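# Chain and residue survey
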Amino acid sequence: MRVVCLLLTLFLAPSFVDLKKGYDEAVKARDWKSVKLAAQSLAALKTDVAARFLQQQLQFAREEAHQRAVFEAFAFMEFPGIEEFLDGQVNSNDPFRRAMSVKALARHDKQRGLRLASNLLELDDDARARRIAVDVLAEIGDAAAASALMRHAPPLPVAEQLRITRALKGFPESALLGARPMLRDGDPDVRLFAALAILARPSPAFLTEITNSFQNERDARVRLILAATLDKLQGGTATGAATLRKAISKAKKFGQRYEIYDLIARARLSDDAIVQHLTKTALSGDKRIRPKAAETLGYAGGAAAVPTLAKLLRQPRPWQVSIGAARGLAATRSRTAIEPLIKALGKAKGRHAWELSRALESLTGQPFGEAADVWARWWKERGAGFQVQGLPDALWEEETAGEDKYSFYGIRIRSQAVTFVCDKSGSMQGNKLKTLQSELLRILDRTPPSAKIRFIFFSNDKVLDAVPKTRLGTATKKLKKTGRARIEGLLAGGATNIWMALQGAMKDPDVDTIVLLSDGAPTAGKVRQPAQIRKRIREQNRERMILFHMIAIGHTAPHFRDLARESGGTYVRKDVR
């Protein structure tokens, strides 16, 4: 109360000394609303001393609520040099800081903010930064911002694409009309997302464009969404789901059904027939498609799907079904999904526990990780009045860990069935190889005895160089001794056959996480184009649901970054000299 009263007096006779006192007391009380008010009042002074004070506060602020308050003050601060200061924050190693600096800069210069936010959405490897970039573009709200959102939505995870679709609904119709050229883009994924965005907010103004695009479209996925949009625009079904329902009945092959389920999830289309089909398939269909059916059921069925998904969550085999069920429960956006997730988390380990915790965090916004007892206590105390808000954000956002964690090049490893696929080609000679050996030995030493692990080393060898040779092995003392000897004896040489190494890793039926490290593009093997490797691995992974973490040493690998994002894994670039 004292802080609030002090701040109220500031509007009567504001001075830097009084404002600083109010700000300091609000920070000490951790009253972030009052901190925000005081920071904005300081910014309104437009003085050099106030600007320096806020810059210093941002430098030492630890809580994100504190940082947000200062950045929002900078967004409205008209003072020489403030844009230059924010420029320095754009390149911060902290993803929240660099994204918030872009948001503040956009208030000063809309065109520059548009460019920087587009870059964040396309290139940033942190999901939080991408979410803020979506907010920035939504605030700009013009045709250029709509185009940026549509163009960069693929290959983001479904949950992030839904966030973008939701943002586009708030745009004026004129802005979306300006984005119609996306329907003629050369990339079918861009055309697909443009069609999904229009389906979410159909308008008669799009009828001619949609009709022409449908007649000329060759990609089956895009045609389906365009047909569903025409259903709406021409007075057909209320949801457009009839088009996809008919497509399901005709689809016989795994790939065809997977793509239709994916479209249902991305468009959040549903009717009783679709929900019944997904329920039946998830419970007793082909084992390859059951995980995707379970995940899609959450998007299509909402709260009504929770009992079915909770039942699937308890099935140990195949493990992909329970993970699909966890993602589906998060997609329901229902409070009834929380309790079965908490109960399952108490018995889960490794990748399964990580997926459950991510689903819980998406539904609740609580940062309790894999601590099942903490989740249970929180639910007992707060569950009665809790309500889930909005659509899911990125469920599988990138995560890094400190040196004291079970991590590899800063990526936290959440699996108990992981294969490390590591480049040993000639370009890895020197410090790159030494650093790799050090990281591998550290991860080997810290692997728990209950976990399964495997190492694959690749160059242009025709025979897979792996420990163990054929598949994952339990981390016994014997395996660790063999692995240590092989890692310490590594020699760099030869070309880079990434394709053979990844195929060798994916042949193991038990692996649920693959970590790939390379310092260059593929130069050997049956498939050498990065785009083709990504495409083929993505198709193979529809059934497997393997998590891919990708590490690029000294170079940027956009196709491998996209593969990591699509699978729910992490992409990092490391410079080792």
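Rules of the game
- Residues numbered from 1 in each chain as written.
- Predicted model: local features only at pLDDT ≥ 70, side-chain atom pairs only at ≥ 80, totals over all residues.
- Heavy atoms only, no water.
- pLDDT = per-residue confidence, 0-100.
- Contact = heavy atoms within 4.5 Å.
- Helix = DSSP H or I, 4+ residues; strand = E, 2+ residues; numbered from the N terminus.
- Buried < 20%, exposed > 50% of the residue type's maximum accessible area, 1.4 Å probe, protein only.
- Pairing = 2+ DSSP bridges.
- Right-handed = clockwise from strand over helix to strand, strands pointing away.
- Expected span 1.5 Å × (residues − 1).
- Arc of directions from axis to C-beta.
- Axes fitted to C-alpha atoms, helices over the stretch in contact; angles between N-to-C directions.
- Parallel < 35°, antiparallel > 145°, perpendicular 65-115°, else oblique.
- Left-handed = near helix turned anticlockwise from the far one by under 90°.
- Nonpolar A, V, L, I, M, F, W, Y, C, P; charged D, E, K, R; others polar.

### Some points on the confidence of the model for the chain
Residues at a pLDDT of 70 or more form 94% of the chain, whose mean pLDDT is 87. Low pLDDT (under 50) marks residues 1-12, which in the prediction has 18 contacts with non-local residues, meaning those over four places away or in another chain. Segment residues 393-404 is flagged for pLDDT under 50; beyond a separation of four residues in sequence, or across chains, it makes 48 contacts in the model.

### A closer look at the environment of glutamine 276
Assignment of secondary structure puts glutamine 276 in helix 18 (residues 272-284). Given the relative accessible area of 57%, glutamine 276 is considered exposed. Distance from glutamine 276 to alanine 146, taken between C-alpha atoms, is 35 Å for residues 130 residues apart in sequence.

### Points about the pairing of strand 4 (residues 452-458)
For strand 4, the buried fraction is high: six of the seven residues fall into the buried class. Here strand 3 (residues 417-423) runs beside strand 4; their pairing, made up of seven bridges, is parallel. Its bridge partner lying in strand 4, aspartate 423 is registered against phenylalanine 458. Following the backbone out of strand 3, through helix 25 (residues 431-446) and into the adjacent parallel strand 4, one traces a crossover that is right-handed. Sheet analysis places strand 4 next to strand 5 (residues 465-467), joined by three bridges and oriented antiparallel. Within strand 5, the residue paired with phenylalanine 455 across the bridge is valine 467.

### What about helix 26 (residues 477-488)?
Taking 1.5 Å of rise per residue, the 12 residues of helix 26 would be expected to cover 16 Å, and the 16 Å separating its terminal C-alpha atoms lies within 8% of that figure. Within helix 26, the full set of buried residues consists of Leu479, Lys480, Gly483 and Ile487. One side of helix 26 carries all its buried residues, which in axial view fall inside an arc of 95°. Counted as exposed and oriented over 90 degrees from the buried face of helix 26: Lys477, Lys478, Lys481 and Ala485. At its buried positions, helix 26 is contacted by helix 25, strand 4, strand 5 and strand 6 (473-474).

### Examining the packing of helix 13 (residues 188-200) against helix 17 (residues 254-267)
Two elements in contact, helix 13 and helix 17, have axes separated by 10 Å at closest approach and are oriented at 45°. Compared by their axis directions, helix 13 and helix 17 come out oblique. Relative to helix 17, the crossing made by helix 13 is right-handed. Here Leu192, Leu196 and Leu199 of helix 13 lie close against helix 17, whose contacting residues are Leu263, Arg266 and Ala267. Of the residues belonging to the contact of helix 13 with helix 17, the class tally is five nonpolar, no polar and one charged.

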